[in-house]
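# Inside the fold
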Amino acid sequence: MDIQVKTRPTNLGWHFSVTINDAAGPSFYKVTMDKDFLTRFGADYKPEKVVEKSFEFLLEREPKEAILAEFDIVDISHYYPEFVSELGKRMLY
């Protein structure tokens, strides 16, 4: 499975176009993230990497067809309370 992330900066953060390619074909998503979310981790991570790791997290828990087509990255924690702490660990890899 291949995750591609394209970034467009905004005043408050970023907009991302995410494509997941697998044998069944591509799926497309629109994701937003504000700068405050990124700084929570206390490190200078690339926003694209945060989104990529977030999709890896989601894909371990649900099929790509179940992922919302459009959402803000913080919304993941509404469905999976462990998301932020798990993402922090994943960013170290």
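Structure first, text after, so check above.
An account of the accompanying structure is given in this report.

Quick notes on the rules
- Residues numbered from 1 in each chain as written.
- Predicted model: local features only at pLDDT ≥ 70, side-chain atom pairs only at ≥ 80, totals over all residues.
- Heavy atoms only, no water.
- Salt bridge = Lys/Arg side-chain N within 4 Å of Asp/Glu carboxyl O.
- Helix = DSSP H or I, 4+ residues; strand = E, 2+ residues; numbered from the N terminus.
- Buried < 20%, exposed > 50% of the residue type's maximum accessible area, 1.4 Å probe, protein only.

### Comments concerning the pattern of salt bridges
Evaluation of the coordinates by the stated rule reveals six salt bridges. Salt-bridge contacts for Asp22 lead to Lys64; the nearest nitrogen and oxygen are separated by 2.9 Å. Placement of Asp22 in strand E2 (residues 13–22) and of Lys64 in the loop between helix H2 (47–59) and strand E4 (70–72) is noted, with a sequence separation of 42 residues between them. A relative accessible area of 5% means that Lys64 is categorised as buried. Between Glu56 and Lys53 there is a salt bridge, and its shortest N-O distance comes to 3.6 Å. Placement of the pair is Glu56 and Lys53 together in helix H2, with a separation of three residues, close to one helical turn. On the accessibility criterion, Glu56 (26% relative accessible area) is partly exposed.

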